[in-house]
Every structure is written in structure tokens, then in C-alpha cells.
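Below are the chains, spelled out letter by letter.
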Amino acid sequence: MPELPEVETVRQGLAPFLIGSRILRVELRRGDLRFPFPDDFAKNLGGRRIVTLDRRAKYLLAGLDDYRTLVAHLGMSGSFRMEAEPLGAFLFPRNKNPAHDHVVFFLETGRLIYNDPRRFGYMTLASTGALADHPFFAGLGVEPLSNDFNGGMLTRLFAGKTAPLKSALLDQRNIAGLGNIYVCEALHRAGLSPLRAAGDLAGEIGERLACAVRSVLREAIEAGGSSLRDYRQADGSLGYFQHNFRVYDREGQACVGVDCRGTVARRAQNGRSTFYCPSCQI
DNA sequence: CTCGTCCCCTGGGAGC
DNA sequence: TGCTCCCAGGGGACGA
């Protein structure tokens, strides 16, 4: 489900409820998600105050007052929702099967519930100061919305790589936070074929791709992310960037590129669907 | 190292 | 209506 824009949208939605709020207790309804919860996970969270809420790649990071950080990854189908009354109506997305509510955080500000049908998500506690060295983060690539990310660095990053552009962009060790949707969308915006070798980016083309990546991510965050199946914003409302897809899930439809008469195609790369226009992506 | 394939899990939609 | 098959916003473990 969630790529960088969705996680960022969730972060922004949860921040007012979480930052400054104390965790009264945590209820684990099963012992594992993708991985087992660490020993004493719930116990160690009880009584802590959340002081920061950040995002790295597709991870949510809740910094605690004991210099540890609650790390959460939503996998494909994970979602957080906040049930709180101060804002009026209960914030309760109706589409969630309560059988998949796996973790409940009882906060001073309400209940924060983690729901995840496929259980590809995971959570852990890590030392805040050593986060960069944690196995989840040590190998992660550049944040595409950071100042470090631009055409020159992208060209250098991909230099010598024989993997197709699609795979290189999806690889979290290169750029952290892109997923299948936004890779497809960025490549279309840049007019680049997903099949082209990554090492092949000349200077001006690298700049075009970097700009496309940044613009699609920024616009998606602005739109509250993309709601396909399970994704909702933290308050249960839908994102609407899916209405702006140019290629993703548009197989057989007309390319929306200016002056392009092509048709959107789909093919498998690394076991996932790539959507692209063979006419204007070269 | 770098690639591709398979797998984890549940649910929704298409087709018969 | 009900079954089967395919597919899905992620990513880790393999083997070549």
C-alpha cells in the first residue's frame, strides 16, 4: 500500500494526536506481524511520551522521551487510524475489518490502532541515537525529497548499473521511499523507458528523471496520497492522487502525454507490473 | 556484487 | 451463487 507519499500523509495526519501525547498502555493482539514483536515491546512503550514524529523512506518514526524510537513499516496493507473524540465525530474508517486490528496504542489523546490484513508490516523499538546504524536503516539510500537528491547525484548513483531503470528506482538501497506506483509515474513524466539500463543516464536525462521523481512525490503528498484499496489518511479520508495517474493501472488506455498517440502497456519486471507508454517513453 | 524468481499473507475482482 | 485463478502501494531469502 503505502509508498513515501502515503506514509508522509499519515505522518502529517497523526502528528497532532501523537506529538506530546503519553502512551498509557499498548495492547498486542498477536505476537507477530511480518516479524515477531521484540520482547517487552508493549511494556517498554507503556508510560512513554511521544516527542517527535518523523518519516524515513517508508518508515514512520515516533521518537520517545526515553531516547528510543518506535519504528513502524506498513508493508502492503498496513494502516494506522486514530479514534479520538476531541475533534467531534469518531474518526473511524468503515472499511477496516476489526479482525486485522493487531495493535492498539492507548494514548492520552485517544486510541491509535494498527490494522494490517496481510501482515507484511512490522514494528520495533530502537535507540534513537543509533537509528542510522539499525539494520532497517543502515542500507537505505537517499531521501528523494532531500536537498542531496538531484540529477547529478542520480546519474552518479546509477553509473555502471546494468539493471533496468525501473528496478534501480525501486531498489531502496539507491533511493528510499519509491514504490511501484511512483516509479511508473516518474518514468512516464521523464519520458524514459522502464527497460532502459540505469547506467545509461546522460546528464540532462538524469536531471529530468530527478525532477520527475520529486514532482510526482510532492504532488502526491499534496493530494493526500493515492487510495487504491485499503489506504486511507489517518482520519479515514481518501487520498485522491490516483485520479492523476498517467500510466499506473491504465493498461490499454490512451497515453495522456502531450502529442502522444500511444497506448499504455503493462509488462512484468521483477515480478511486479510495470505500466508505461512504449511510444513516448524511450 | 548483481540479477531474477519465489515467497510471506489476505482479500477483491474477473471469469466460468 | 460459488468456485478458481490472478492480482495487489513491500521486501527478504534464495540460486544462478
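Note: the structure precedes this text.
Per chain, residues are indexed from 1 in the order of the written sequence. Throughout, the order in which chains and ligands are written sets their labels, letters from A for the former and numbers from 1 for the latter. With the structure being a predicted model, the display of local features is reserved for residues of pLDDT at least 70 and the display and counting of side-chain atom pairs for 80 or more, all residues being used for whole-chain, interface and lining totals. No hydrogens and no water enter the side-chain calculation; it runs on all heavy atoms of the structure.

Caption draft 1: The arrangement of the sheet that holds strand β4 (residues 68-73) in detail. The antiparallel open sheet is built from 4 strands, whose spatial order is β2-β3-β4-β8. One side of each edge strand has no neighbouring strand; the edge strands of this open sheet are β2 (50-56) and β8 (122-127). Averaged over all adjacent pairs, the angle separating strand axes in this sheet is 20°, with direction ignored. A pair of strands is treated as paired once DSSP finds two or more bridges between them. Every helix listed is a DSSP run of H or I at least four residues long, and every strand listed is a run of E at least two residues long, numbered separately from the N terminus. One ladder, built from 6 bridges, connects β2 with strand β3 (residues 59-64); its direction is antiparallel. Considered in β3, the bridge of Thr52 is made with Gly63. Any two residues whose heavy atoms approach within 4.5 Å at even a single point are treated as in contact. Axis definition: a line fitted to C-alpha atoms, over the contacting stretch in the case of helices. Angles run 0 to 180 degrees between N-to-C directions. Across the sheet, helix α1 (residues 4-18) is in contact with β2 and β3; its angle to β2 comes to roughly 170°.

Caption draft 2: Highlighting the protein's contact with DNA strand B. Here a residue counts as near a molecule or strand whenever at least one of its heavy atoms sits within 4 Å of it. The immediate surroundings of DNA strand B are formed by Asn97, His100, Pro117, Arg118, Arg119, Phe120, Lys161, Thr162, Ala163 and Asn270. Restricting attention to atoms of DNA strand B within 4 Å of the protein, one finds that 60% of them are sugar or phosphate atoms. A 3.5 Å cut-off defines polar contacts: any pair of N or O atoms within that distance qualifies, except that in protein one atom must be a possible hydrogen donor and the other a possible acceptor, and neighbouring residues in sequence count only when both atoms are side-chain atoms. At 3.4 Å from a sugar or linking oxygen of DNA strand B is found a side-chain nitrogen or oxygen belonging to Arg119. Between DNA strand B and Asn270 there is a distance of 3.2 Å, counted from a phosphate oxygen to a side-chain nitrogen or oxygen. Here the residues of the surface near DNA strand B are counted per class, giving 3 nonpolar, 4 polar and 3 charged. Side-chain classes follow a simple rule in which Ala, Val, Leu, Ile, Met, Phe, Trp, Tyr, Cys and Pro form the nonpolar group, Asp, Glu, Lys and Arg form the charged group, and the remainder, Gly included, forms the polar group.

Caption draft 3: Structural view of the sheet that holds strand β6 (residues 101-107). Reading across the sheet, the 4 strands line up as β1-β6-β7-β5 and stay open at both edges, with antiparallel pairing between neighbours. Whereas interior strands pair on both sides, the edge strands pair on one side only; in this sheet they are β1 (23-28) and β5 (79-83). This sheet shows a mean twist of 20° between the axes of neighbouring strands, independent of strand direction. Relative to β6, β1 runs antiparallel, the two sharing 5 bridges. Looking at β6, one finds that Glu27 is bridged to Val104. Of the strands in this sheet, β5, β6 and β7 (110-115) touch α1, which is tilted by about 40° from β5.

Caption draft 4: Just the pattern of salt bridges, in detail. Salt bridge, as used here: a side-chain nitrogen of Lys or Arg that lies within 4 Å of a carboxyl oxygen of Asp or Glu. All told, the structure shown has 19 salt bridges when counted by the stated rule. With its nearest N and O atoms 2.9 Å apart, the salt bridge here joins Arg11 to Glu8. Here Arg11 and its partner Glu8 are both found in helix α1, 3 residues apart, which amounts to about one turn of the helix. Glu8 carries the same exposure label as Arg11, and that label is buried. When a residue's accessible area, from a 1.4 Å probe over protein chains only, is under 20% of the maximum for its type it is buried; when over 50% it is exposed; and in between it is partly exposed.

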